Amino acid sequence: MIELKQEELVKNRGYWATIGAAYRLLAKNIRPLFKKMWPFAFAFAMAVPFFLCMLLEQAGAAFSTSRLVGLAFSFLLLLAATIALLGKMSDVLNAKGLKWNLARWGKMTGIAVAIAAVVGLLISSVSFAIVSSTAQPLEQGPQNHQLDMIQQDAFFRVMGIVGIGMLILVIIYLLALPYVYGCMKYAMDDKNRLRHLLFGNYVAGMRHWPYIFVTMLTTAVIVLLVSAVATLPLTIVGLAYRMSVVGVSMGDEAGVPGYFNGMVYGVGILTFFVMAFVGIFEFMILYYMYGSIEAKEQDRLAVAV
């Protein structure tokens with residue numbers, strides 16, 4: 001077993017020092033990390049394009065039970081690949097065994113999916129209720145004018161639902177930021193239990209909300225810039241594929257060769273393979289952020305005593 005060259009984990013760091021520590025961890029261990037992580041990154045890279053293809057097929061066609069089953073299967077496959085990637089990365093860092101780490105990330109992912117489903121339903125219901133309660137009755141007039149008014153009303157209602165939903169989602173995201181620390185603590189500390197993740201870890205994370213927010217915001221900017229470059233080939237071939245599909249639907253001949261679909265999928269696999277390692281770097285930032293908060297919590301308790 002190859003041990004990674006790691007800096008001290010539990011150490012009080014600022015957000016730039018946290019990101020710097022994660023970068024050095026990645027840079028100094030790139031070869032052993034690639035050797036350990038590439039099968040899991042490859043599985044993730046195959047699952048993402050498959051799910052996206054099924055999602056696009058379902059969105060662009062009439063309802064079909066077989067397509068819906070295929071979409072559900074691809075989503076479960078993506079969840080499994082994501083859990084495997086996170087579990088292996090945790091195992092590389094904490095050396096507690098892949099089985100132990102998979103169990104922890106499996107529980108957290110199951111809870112996250114259930115909460116996301118409930119929150120999504122609540123956001124949709126609340127947004128629709130607010131927009132419906134504030135809607136004004138349509139004015140009477142000529143038939144064409146009435147039709148225009150109905151279309152405008154429908155447009156503004158949809159925009160209102162989307163806008164309110166986005167606002168609620170942002171508020172929930174900001175309130176949920178402390179769970180980033182809680183999840184990493186649950187993934188790294190074998191003494192931490194699920195009840196600690198849901199309650200105690202959240203309280204501790206809330207005390208360091210500004211540090212978590214700035215670190216996550218800076219990380220998001222870095223990841224966004226790297227992702228824009230990494231996904232450029234997929235964006236180009238995807239746009240060409242989309243234009244070809246639109247042309248065929250209008251009666252034109254296909255503007256791409258027959259093997260182009262396979263090429264798009266291959267470029268997708270390569271792109272998301274790279275993105276998996278971008279995600280690993282992001283995971284390392286969260287790892288050192290967790291260690292920094294642990295150090296701050298220890299200092300706080302020492303002062304209190």
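Up top is the structure.
Each chain carries its own residue numbering, running from 1 in the written order of its sequence. Since the coordinates come from a predicted model, pLDDT governs what is reported: local features require at least 70, and pairs of side-chain atoms require 80 or more to be given and counted, while whole-chain, interface and lining totals use all residues. As a convention, hydrogens and water are excluded, and side-chain values are obtained from all of the structure's heavy atoms.

Enquirer: Sorry, what's going on with a nonpolar patch on the surface here?
Expert: A cluster of nonpolar side chains, Phe-34, Trp-38, Phe-42 and Met-46, forms an exposed patch at the surface whose accessible area comes to about 390 Å². If you trace the backbone, Trp-38 turns up in helix α2 (residues 30-59). In this structure Trp-38 comes out as partly exposed when scored by relative accessible area, which is 41%. In this scheme, patches are assembled from residues that exceed 30% relative accessible area and form no salt bridge. Like charges are connected within 9 Å, while nonpolar side chains (Val, Leu, Ile, Met, Phe, Trp, Tyr) are connected within 5 Å. Note that accessible areas follow from Shrake-Rupley with a 1.4 Å probe, and for residues the cover is restricted to the protein chains shown. Salt bridges are identified by distance alone: a Lys or Arg side-chain nitrogen within 4 Å of an Asp or Glu carboxyl oxygen. Numbering of helices and strands starts at the N terminus; helices are DSSP runs of H or I of at least 4 residues and strands are runs of E of at least 2. Using a 1.4 Å probe on the protein chains alone, a residue whose accessible area is under 20% of its type maximum counts as buried, one over 50% counts as exposed, and one in between counts as partly exposed.

Enquirer: Explain the pattern of salt bridges to me, please; I cannot follow it from the model alone.
Expert: Tallying each qualifying case throughout the model produces eight salt bridges. One salt bridge in this structure joins Glu-7 and Arg-24, with 2.4 Å as the shortest N-O distance. Of this pair, Glu-7 sits in the segment before α1 (15-28) while Arg-24 sits in helix α1; the two residues are 17 residues apart in sequence, bridging distant segments of the chain. The exposure class of Arg-24 is partly exposed, given its relative accessible area of 35%.

Enquirer: Sorry if this is basic, but what is going on with the layout of surface pockets here?
Expert: Regions of empty space are outlined by a rolling probe, equal in size to a water molecule, passed over the atoms. Site definitions follow a grid-based scheme: protein atoms alone, a 1 Å grid, a 1.4 Å probe that fits but cannot get out for cavities, and for pockets an open set with protein on both sides within 12 Å along at least five of seven lines, plus lining residues having an atom within 4 Å of a point. Grid points are joined across faces, edges and corners, and a volume is the space filled by probe spheres set on the points. Its boundaries defined by the atoms lining it, the largest pocket holds a volume of some 1,400 Å³. In terms of lining residues, the largest pocket is bounded by 36 residues, among which Trp-105, Met-108, Ala-112, Val-180 and Cys-183 are the most central. Breaking the lining of the largest pocket down by element, the ones donating at least two residues are α3 (65-94), α4 (98-134), α5 (143-176), α6 (178-188), α7 (194-206), α8 (209-230) and α10 (260-304). Here the lining of the largest pocket gets nine residues from one element, more than from any other, and that element is α4. Three categories are distinguished: nonpolar for Ala, Val, Leu, Ile, Met, Phe, Trp, Tyr, Cys and Pro, charged for Asp, Glu, Lys and Arg, and polar for the others, with Gly belonging to the last. When the residues that make up the lining of the largest pocket are grouped by side-chain class, the tally is 32 nonpolar, three polar and one charged.

Enquirer: What is the right way to look at the side chain of Lys-185 in this model?
Expert: Topologically, Lys-185 is positioned in helix α6. For the purposes of these results, a polar contact is taken to be a pair of N or O atoms within 3.5 Å, where, inside protein, one atom must be able to donate a hydrogen and its partner to accept one; residues adjacent in sequence count only when each atom of the pair is a side-chain atom. Among the polar contacts listed, one links the side chain of Lys-185 to the side chain of Glu-294, at a separation of 3.2 Å. Residue contacts follow a heavy-atom distance rule, with two residues in contact if any of their heavy atoms lie within 4.5 Å. Dropping the residues within four chain positions of it, Lys-185 is found in contact with Asn-192, Asn-201, Tyr-290 and Glu-294.

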